[in-house]
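Analysis of the macromolecular model
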Amino acid sequence: METLPFGHPSIVSRIFRDKRVLRESYLPPTLPGRESQIEDFEALLSPLHYNEPVPHILFIGKTGTGKTAVVKQILARKEAEFKDSFIRFEYINCSRANTAYRVFYKLNRIFGILVPPSGLPFDVLYDRFFEALSRSKIRLVVILDEIDIPSKRGDRLLYSLSRINSELDEETTSLTIVGIANTVNFLDRLDERARSSFNPAVIYFPPYNADELQAILLQRARLGLRDGTWEEGAINYIAAKIARESGDARRAIDVLRMAAEIAEKENSIKLTVEHAKKAMDAVSEQELGLAIRSLPLHHRFVLLAIAKLLASGDERPGTGKIYRSYLTITRMHMAEPLTMRRVSGIINELASQGLIETKMSYGGAYGNTKVVTSIIVAPERALKLLGSVAMR
DNA sequence: TATCCACCGGAAGATGGGGTAT
DNA sequence: ATACCCCATCTTCCGGTGGATA
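Note that the coordinates shown come from a computational prediction; the quantities given were computed from them, not determined experimentally.

What about the pairing of strand β4 (residues 174-181)?
Taken residue by residue, a regular strand's side chains alternate between the two faces of the sheet. β4 sits mainly inside the fold: eight of its eight residues count as buried. The side-chain alternation of β4 yields two buried faces, one formed by Ser174, Thr176, Val178 and Ile180 and the other by Leu175, Ile177, Gly179 and Ala181. Two strands pair when backbone bridges link them, and strand β1 (residues 57-60) and β4 are joined in this way by four bridges, in the parallel orientation. In the strand pairing of β4, Phe59 is matched with Ile180. Direction of pairing for strand β3 (residues 139-145) relative to β4: parallel, over a ladder of six bridges. Looking at the pairing, Leu144 lines up with Gly179 of β4.

Listed below in structure tokens is the structure:
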């Protein structure tokens, strides 16, 4: 009986050496393909060694391009380096703390100040934090992951955070924002005031190409799978496929893990290209299934309308058509329909979640509309998945 | 070249539900 | 009890928009 590192005796796996290596939470020893970003980041942080303030920094890149991994790796290093100094790092994920209020709630907690989780005027939280920070005489580096989520009121967050510096004593105290954004045009969408006071140094994270994905997957396979249980061809296949469609490393690793699970379930000795092919679809399906469960009711209705239209042979249904189909669905479920403006917004939300793909269609005298070009899994499968969740 | 279609998407405001302070 | 705060979700309103058509 083999024992995994964390001590639980476990079922011996033929293929996996350590499954955790193929999960999202795992931070590998090196980050292939991100050498230049790491170098740039460290260079920007270097003033800390001379106890000088650091400019604001912004990471820009789509999901699965290594932004969070780079930050976490450098952070671990720097935190050890500056263990006994007046420099402090704080990581905040804005998908949890998704308003300016909640971010400042967390910032206050750094100094042991407990404010109510809601109800107070924002200025009160700001003032308390400012007082505590300027009294503390530390250099604070705040990492704001997924900073584009509070986009509407996010202007206020960035504006109030970045203007703090001008009121602090620069000799001893400063606040640096390290923002991590998924949307490429994040800066353009900020309002004037926020942009000019934030004004960060930008580090770009382009999607991974096939070679980089291959390096990433090889690293994971060597660490997480047993020797001789996988074909390099399978890895090349996944790398090439993902590079073409998104360059998303998280997804590539998901596919590798799924391929290994499938190979294992089939009692195969080796993970082959065939397993990788099956895993591509299986991951999409798993993703959709997971997403659907957390989708609000009317998002499900809209997705159902889209799946129905696509399944009935209508390629590229537009917003108007989708809305009409949505109306009959809400009637069937005796639900009050939302307006077309809102449904149009929901279609965009589904697209940015990666569940569907859309494209503008310019029809001249027939008008312009946004059309859905594809759904993440075959429409018939989508219908099945949607049918299996309660519509209420 | 002007027209016109079928939406697009920003702005602002309504609504309702979470809360605090006094 | 009253007055205030924050916030997510929708609605209402409305000025664009690109290219096929006349």
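Looking at the nonpolar core
Of all hydrophobic cores here, the largest spans 35 residues; its most connected members are Phe104, Leu107, Leu144 and Leu161. The set of elements that each furnish at least two residues to this core consists of β1, α3 (100-110), α4 (122-136), β3, α5 (151-163) and β4. Discounting residues that sit within four places of it in the chain, Leu107 has contacts with Ile92, Phe129, Val142 and Leu161.

Quick word on the protein's contact with DNA strand B
Neighbouring DNA strand B are 18 residues; Thr319, Arg341, Gly364, Ala365 and Tyr366 lie closest to it. What you see for DNA strand B is that sugar and phosphate hold 67% of its atoms within 4 Å of the protein. In the model, a base oxygen of DNA strand B is placed 2.8 Å from a nitrogen or oxygen of the Arg341 side chain. A distance of 3.2 Å separates a sugar or linking oxygen of DNA strand B from a polar side-chain atom of Thr369. Elements supplying a minimum of two residues to the surface near DNA strand B: α12 (319-332), α13 (340-352) and β7 (368-375). In terms of residues, the surface near DNA strand B owes the most to one element, α13, which gives four residues. Per-class residue counts for the surface near DNA strand B are five nonpolar, 10 polar and three charged.

Here's the deal with the packing of helix α10 (residues 273-294) against helix α14 (residues 379-387)
Each pair of packed helices gets described by two things: the angle between the helix axes and the distance between those axes. The N-to-C vectors of α10 and α14 enclose an angle of 35°; their axes lie 10 Å apart at closest approach. Judged by the twist between their axes, the crossing of α10 over α14 is right-handed. In this structure, α10 uses Glu285, Leu288, Gly289 and Ile292 to contact α14, whose residues at the interface are Arg381, Ala382, Leu385 and Leu386. Classifying every residue of the contact of α10 with α14 gives five nonpolar, one polar and two charged.

Examining the pattern of salt bridges
In this structure the tally under the stated criterion is 18 salt bridges. Residues Glu81 and Lys78 are paired through a salt bridge, measuring 3.9 Å at the closest nitrogen-oxygen approach. One end of the pair, Glu81, and the other, Lys78, are both in helix α2 (residues 67-81), three residues apart, so they sit about a helical turn from each other. Residue Lys78 is classed as buried on the basis of its relative accessible area, which comes to 5%. A salt bridge links Arg251 to Glu287, with the shortest nitrogen-to-oxygen separation between them at 2.7 Å. Residue Arg251 is located in helix α9 (residues 249-265), and its partner Glu287 is located in helix α10; the two are separated by 36 residues in the primary sequence. Judged by its relative accessible area of 10%, Arg251 falls in the buried class.

Here's the deal with the packing of helix α11 (residues 297-311) against α14
Contact geometry of α11 with α14 gives a least axis separation of 8 Å together with a crossing angle of 145°. The two elements α11 and α14 meet at a crossing, and its hand is left-handed. Note on element contacts: α14 touches α11 through Pro379, Glu380, Ala382, Leu383 and Leu386, opposite Arg300, Leu303, Leu304, Ala307, Lys308, Leu310 and Ala311. Residues belonging to the contact of α11 with α14 are distributed by class as follows: nine nonpolar, no polar and three charged.

So, unusual backbone geometry
Here the phi dihedral of Asn51 falls at roughly 55°; this positive angle occurs in a residue that is not glycine. Examined against the element boundaries, Asn51 turns out to sit in the loop between α1 (35-45) and β1. Residue Asn51 is classed as partly exposed on the basis of its relative accessible area, which comes to 40%. Of note, Asn267 is a non-glycine position whose phi angle comes to about 55°, a positive value. Within the fold, Asn267 resides in the loop between α9 and α10.

A short note on the domain arrangement of chain A
In terms of domain boundaries, chain A breaks down into domain 1 (35-204), domain 2 (208-291) and domain 3 (295-387). Inter-centroid distance (C-alpha atoms) of domain 2 to domain 3 is 30 Å. Contacts between the two partners involve six residues from domain 2 and, on the opposite side, nine residues from domain 3. A combined buried area of about 700 Å² lies between domain 2 and domain 3, and 70% of that area is made up of carbon and sulfur atoms. The largest per-residue losses of area from domain 2 upon contact with domain 3 belong to Glu285, Leu288 and Ala291, which jointly make up 76% of the total buried on that side. The tally of links between domain 2 and domain 3 comes to one salt bridge. Salt-bridge contacts for Glu285 lead to Arg381; the nearest nitrogen and oxygen are separated by 2.5 Å. Where domain 2 packs against domain 3, one counts two residue pairs in polar contact (both at pLDDT 80 or more). Partitioning the side of domain 2 that touches domain 3 into residue classes produces two nonpolar, two polar and two charged.

Conventions we followed
- Residues numbered from 1 in each chain as written.
- Chains lettered and ligands numbered in written order.
- Predicted model: local features only at pLDDT ≥ 70, side-chain atom pairs only at ≥ 80, totals over all residues.
- Heavy atoms only, no water.
- Buried < 20%, exposed > 50% of the residue type's maximum accessible area, 1.4 Å probe, protein only.
- Helix = DSSP H or I, 4+ residues; strand = E, 2+ residues; numbered from the N terminus.
- Pairing = 2+ DSSP bridges.
- Core = buried A, V, L, I, M, F, W, Y, C linked by side-chain atoms within 4.5 Å.
- Contact = heavy atoms within 4.5 Å.
- Near = heavy atom within 4 Å.
- Polar contact = N/O pair within 3.5 Å; in protein donor to acceptor, adjacent residues only side chain to side chain.
- Nonpolar A, V, L, I, M, F, W, Y, C, P; charged D, E, K, R; others polar.
- Axes fitted to C-alpha atoms, helices over the stretch in contact; angles between N-to-C directions.
- Left-handed = near helix turned anticlockwise from the far one by under 90°.
- Salt bridge = Lys/Arg side-chain N within 4 Å of Asp/Glu carboxyl O.
- Domains from an automatic or database assignment.
- Buried area = accessible area lost by both parts, 1.4 Å probe.

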